[in-house]
Every structure is written in C-alpha cells, then in structure tokens.
Amino acid sequence: MRSLYRRQLTMMVGVMVVSFLLLSAAFMLLSYRYIITEKREAMERNAGYIASFTASYVQRYLGIQDESYRNYVASVALISDSYVIVANPDGQILYATDGAYFYEYQGAVIPAAVVEQVLEQGSYAGMTSLDGIYPERRYVAGLPVSVKLGGVRAVQGLVLVAADTSSLAEMWSATATIFFFSAVVVLLISVVASTLTSAHQARPLNEMAEAARKFGRGEFDVRVTGYESRCDEISTLAESFNTMAASLAKVESQRSEFIANVSHELKTPMTSIAGFAEGILDGTIPPEREKESLQIIVSETRRLSRLVRRMLDLSRLNALSENVLTAQEQFDLTEVVSQVIISLETKILGRDLDVEVLMPEEKVMVWGDPDSITQVCYNLMDNAAKFAAAGTAITIQVTKKDGKALTSVRNLGATIPPDELPLLFDRFHKADYSRSMDRDGVGLGLYIVKTILGGLREDISVTSEDGVTQFTFTLTLA
C-alpha cells in the first residue's frame, strides 16, 4: 500500500518537475527569440547608418576611396562588434572590416541571390556564410546605397553588416545555465519542504490509525495529543478524534454498567420466582402458604414485565432523542397536570395522602410533546406518592419565570443524602433509603424523565432537605 506521505511527495515533485520543464522551454524559446530579434534590429540599424553615410559620402565626394570613409566604417564595426562589407551594385566587395582589421577579398563576389534581394526588395536579412566568404554562418543584414543624381535615385552599392552567432549562442547558453541552476535549487528546496510537510501531515494520521487499532482491542483510554497548538485541520481532526474516543469510552462504560445493572435487576426477581416455584414443587413450602408464594411469583413476574417495558421505552427514547430535537407543539400544561393527578387518584388515596395544587387559573401554554410531558408528570407524581410519608400531602405547583413554565412536585418523606441526588437520574439507580420501600420499582422512571426533557432541551433539578424532596422541571412558554 502506498502511504499518503509517498503519494503527496511524488505528486508535488512531479508537478514541480513538469512546471519547470514547461517554464524552461518557454523561457529558452522566448529568450532566444528576444536575443535574435535584438541582434537583428541592431544589425539592420547599423547597416542603415553605414548605407546613409555612404550615400552622402558618394554624393559629396563622388567616391569612397579615401581614408576617412574607411575609418568611419571601421569605427561602426568596432563599436557594434560586427563585420561590415561594402560592395558595388554587381556584388564585388570593395571594403570588408571588423573594426580592427581590413580584409581583402580578392575577386570575392556576394551571392547573386543576396544582391538581387537587396536591389529588388530594398533589404536582406538572414543566416548565411555568403557562399564561403565567412567561415561559418552569420546573421547578415543588407541595404542598398541609393544616391540621387540629377533628380534620379540610383543604387551605387551595397552595405552588408554581419554578426558572429557564437556570441549569441554564448549569451543564450549563459542565460539558460543560470535558469537551469536556479530551477535545480528551487526543485531541491521544494523536495525538502514537501518531505517535511508530508511527514508533518502523515504523522498524526498514523497516530490516529494506531489509536483506532487500539480501540478495536478494547483500549478506550488512548488519546491523540500534541497537536492542540497547530490551529489547522489536523488539530481539528485530532480534537474530533479525541471527542469520539471519549464518547466511545463513555458508551462502553455505560454499556458495561447497563449490563451489570440489568443482570442485577433481573437476577433478583428471577431468583425469587425460581425459589418459590421449587419450594412449591418439592414440598418445602406447606400447602397453606402456597397461595402466598404464588402471589409473590405473580408480583415478581409483573415486576419483570415492567422492567422489560421500561427498557423498551428507554431504547425508544434514546433512539428518538439522539442528536434530534423532539417535535414540539403548543399545549396547556395545567390540563396535562390535572389529568395526571386524576389518573393517580386511586394510588394517592390508597396511601392516605392529600394533594395540594398551586396553578394559575388561566391556561399555561407551553412548547413540547404533550404525551411525553404527561409521562414526565406521571413518573414524578407516582414517585412522590410512592415515597411520601402516610398522611402527608403532595404539592404540585406551576409558575412562570423568565419565559419558562416551572413545574414542581414536592413530597414529605425521608431525606435523600446530598451525594445521592446527582445519581437519581442514572439508569437503574435507587437511593439506599428506598430499596425496602420500593420493591416494585426498577430504577428507570427518573432516567426516562431526564431523557425526555433532554430531548426537548429542557432542564430538571432535585432538592431534598429536612424530609422535603422537590423535583422541578422547565418548559418554554408559548
């Protein structure tokens, strides 16, 4: 398998190489054309100077045989680093110099094609050795020497200016060498930078992959650290990864706790059922107590049934509330509270309890799910009736504050220890004081209340002082 480091390094190096190849090709082509163009224009310009001077000299002195003319031509050739040839209209060479020396081309004649082009088209430009006059091909620019005699312009000769292409090649070669050297240095720097960058990016990914493998082996305490200060996508990914790891660890802890609690809650009634059933079958329990034992078996069976139903309700609530806000509508909170009180009337009267209701006379419209809030109120009131001392009163109060409707359920009974209060909303948790009192409970009622309100983005709190225990939850006013 090709690693991300190799893939990124290969891609970056490949892009750099292709870019430099294209850039170098374009640079060489443009620079070569620019140098040739500059040299050609310089040769044509110098040829124009000499042709113009020659025409003026011929028109004034009727010839170019003196030393002054030769010195002028030699000066132009020397300054422009070029070769100058002056010929008559037939192409026979009269003067030839490079500025430092004069050359005698005895009997040498400029090629007829060059002469013809200069005479007919008025100029010549091209690479040529002039049929062996020059030892190698040179760039040659030619112009005619036109003199106006008696109102008629006549061609009195030719001027050819040539440049040695070796200087052009050397200039282009030096430029290309500098560019090539710069390209190699930049490429090396890019490779080093790409190597460091790729390694810097691949290292945290490798650490996360290793951490994920450890998660697969059950090691949920592994975290990816050291990238908090990077302030880039890697740090965000590391933070998200650690958040996911913490969630997985929490889920695993909750799963283990859930299984342990379920096992404990199921074991107790099943042990009772099995014990009494075996006692009836083997005769350990006398016939006169069989009815009592069967009643216990039925009670424990119903308790198991309630536990299973609550667990199913809990699974449904968790599935609905996970990252999804429960659908809400407007409803009258006082009506829901009143209906729950009526439904619990038999249980409340059976425990010789009174009910004190403190609610506004007008409707209290709130946002929420009426069925879910009905279950919340039922669980809280049922819990209050279950643990209230006989002969006392349960107080249900609804008030408004800061855009919220606050519903409180208060009863008088045993005081819940402060260290137990935060645990009341955990699954299968039952405070120690209530274990003997609540044999029918399964420890899921308050957890379901917390789950429902959490899905509505609402809060619930509990206090217990001097025997007065109060649960208060909020709903948003409509």
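Predicted, not measured: the structure shown is a model, and the values here were computed from it.

1. Regarding the overall build of the protein chain
For the protein chain, the count of helices and strands is 10 helices and 12 strands. Counting every position in the protein chain, which comprises 478 residues, the buried fraction comes to 38%.

2. Things to note about unusual backbone geometry
Of note in the backbone geometry, aspartate 402 takes a positive phi value of approximately 50° without being a glycine. Its location among the elements puts aspartate 402 in the loop between β9 (393-401) and β10 (404-412). A relative accessible area of 71% means that aspartate 402 is categorised as exposed. Positive phi, close to 60°, is recorded for arginine 457, a residue that is not glycine. Relative to the helices and strands, arginine 457 is located in the loop between α10 (445-455) and β11 (460-465).

3. A look at the confidence of the model for the protein chain
Averaged over all residues, the pLDDT of the protein chain equals 81, while 87% of them reach at least 70. Note on residues 432-439: pLDDT under 50 across the span, and 14 contacts to partners over four residues away in sequence or across chains.

4. A few points about the side chain of serine 372
Relative to the helices and strands, serine 372 is located in helix α9 (residues 370-387). On the basis of relative accessible area, serine 372 is assigned to the buried category, the value being 13%. At 2.6 Å, the side chain of serine 372 forms a polar contact with the side chain of aspartate 369.

5. Digging into the environment of glutamate 335
Turning to its location among the elements, glutamate 335 is positioned in helix α7 (residues 333-343). For glutamate 335, a relative accessible area of 45% translates into the label partly exposed. C-alpha separation for the pair glutamate 335 and valine 364, spaced 29 residues apart in sequence, amounts to 8.7 Å.

6. A few points about the pattern of salt bridges
The tally for this structure, following the rule as stated, stands at six salt bridges. For glutamate 136, the salt bridge is made with arginine 138, and the minimal N-O distance between the two is 2.5 Å. A relative accessible area of 28% means that glutamate 136 is categorised as partly exposed. Here arginine 289 ties to glutamate 292 by a salt bridge, and the two come within 4.0 Å at their closest N and O atoms. A residue is classified by how much of its surface remains accessible, and glutamate 292, at 42% relative accessible area, is partly exposed. Put simply, Lys347, Asp382 and Lys386 are held in one network by salt bridges that share partners.

7. Focus: the pairing of strand β1 (residues 83-87)
If a strand is regular, its side chains alternate between the two faces of the sheet. Counting buried positions over the five residues of β1 gives four, a clear majority of the element. Note: β1 against strand β5 (residues 152-163), five bridges, orientation antiparallel. Along β5, the bridge assignment pairs valine 86 with valine 159. Relative to strand β2 (residues 93-97), β1 is paired through four bridges, and the arrangement is antiparallel. What sits directly across from valine 84, in β2, is threonine 97.

8. Some words on the environment of methionine 127
Relative to the elements of secondary structure, methionine 127 occurs in strand β3 (residues 124-128). Other than its neighbours up to four places away in sequence, methionine 127 contacts Arg137, Arg138, Tyr139 and Thr165.

9. Considering α7
When we look at burial in α7, the residues that qualify are Leu333, Thr334, Val336, Val337, Val340 and Ile341. Considered in projection along α7, the buried side chains sweep an arc of 160° and stay on one side of the axis.

10. Here we look at the side chain of threonine 334
Tracing the sequence through the fold places threonine 334 in helix α7. Among the polar contacts listed, one links the side chain of threonine 334 to the side chain of aspartate 332, at a separation of 2.7 Å. With residues near it in sequence (within four places) discarded, threonine 334 still touches Met359, Pro360, Glu362, Lys363 and Val364.

11. Focus: the packing of aromatic side chains
Applying the stated rule across the entire model yields seven aromatic pairs. Ring pairs connect the aromatic residues Phe53, Tyr57, Tyr69, Tyr72 and Tyr95, which therefore count as one cluster. Directly above the aromatic system of phenylalanine 102 lies the positively charged group of arginine 70, at a separation of 4.2 Å from the ring centroid. We note lysine 450 situated over the ring of phenylalanine 425; from NZ or CZ to the ring centre the distance is 5.8 Å.

12. A few points about the packing of α9 against α10
Direction vectors running N to C along α9 and α10 enclose 150°, while the axes themselves pass 9 Å from each other. Put simply, α9 runs roughly antiparallel to α10. When you trace α9 past α10, the crossing you get is left-handed. Judged by residue contacts, Ser372, Ile373, Gln375, Val376, Asn379, Leu380 and Asn383 of α9 engage Gly445, Leu446, Ile448, Val449, Ile452 and Leu453 from α10. Within the contact of α9 with α10, the residues separate by chemical class into eight nonpolar, five polar and no charged.

13. Quick look at the sheet that holds β11
Strand pairing in a sheet relies on backbone hydrogen bonds. The paired strands run either parallel or antiparallel. An order of β7-β9-β10-β12-β11 is seen for the five strands of this open sheet, with the pairing classed as mixed. The outermost strands of the open sheet, each flanked by one partner alone, are β7 (354-358) and β11. Along the sheet, successive strands turn relative to each other by an average axial angle of 15°, direction set aside. Note: β10 against strand β12 (residues 468-476), nine bridges, orientation antiparallel. Looking across to β12, one finds that alanine 405 is bridged to leucine 475. Packing against the sheet, α7 makes contact with β7, β9, β10 and β12, and its axis sits at approximately 170° to β9.

Quick notes on the rules
All chains use their own residue numbering, which begins from 1 and follows the written sequence. Owing to the predicted nature of the model, reporting of local features is limited to residues with pLDDT of at least 70; listing and counting of side-chain atom pairs is limited to 80 or more, with chain, interface and lining totals taken over all residues. The basis for the side-chain values is all heavy atoms of the structure; hydrogens and waters are excluded. Runs of E in the DSSP output that reach at least two residues are strands. Runs of H or I that reach at least four are helices, and both are numbered from the N terminus. Burial classes follow relative accessibility: with a 1.4 Å probe on protein chains only, a residue under 20% of its type's maximum area counts as buried, one over 50% as exposed, and anything between as partly exposed. Residue-level confidence of the predictor is what pLDDT reports, using numbers from 0 through 100. We call two residues in contact when some of their heavy atoms are within 4.5 Å. In protein, a polar contact means a hydrogen-donor-capable atom and an acceptor-capable atom, both N or O and within 3.5 Å, with residues adjacent in sequence counting only if both atoms are side-chain atoms; elsewhere, any N or O pair within 3.5 Å suffices. The salt bridge definition used is simple: a Lys or Arg side-chain nitrogen within 4 Å of an Asp or Glu carboxyl oxygen. One requirement defines pairing of two strands: DSSP has to find at least two bridges between them. Throughout, the arc means that of the directions going from the helix axis to the C-beta atoms. Stacked, edge-to-face and tilted are the three classes for Phe, Tyr and Trp ring pairs, Trp counted by its six-membered ring, which pair at centre distances within 6.5 Å; planes under 30 degrees apart are stacked, over 60 edge-to-face, the rest tilted. Over a ring means this: the NZ of a Lys or the CZ of an Arg is within 6 Å of the ring centre and within 35 degrees of the ring normal. To get an axis, a line is fitted to the C-alpha atoms, and for a helix only the part in contact is used. The angle between two axes follows their N-to-C directions and goes from 0 to 180 degrees. Each angle gets one of four labels, with under 35 degrees taken as roughly parallel, over 145 as roughly antiparallel, 65 to 115 as roughly perpendicular, and the rest as oblique. Left-handed describes a crossing in which the near helix is turned anticlockwise from the far one by less than a right angle; the clockwise case is right-handed. Amino acid classes used here: Ala, Val, Leu, Ile, Met, Phe, Trp, Tyr, Cys and Pro are nonpolar; Asp, Glu, Lys and Arg are charged; the rest, including Gly, are polar.

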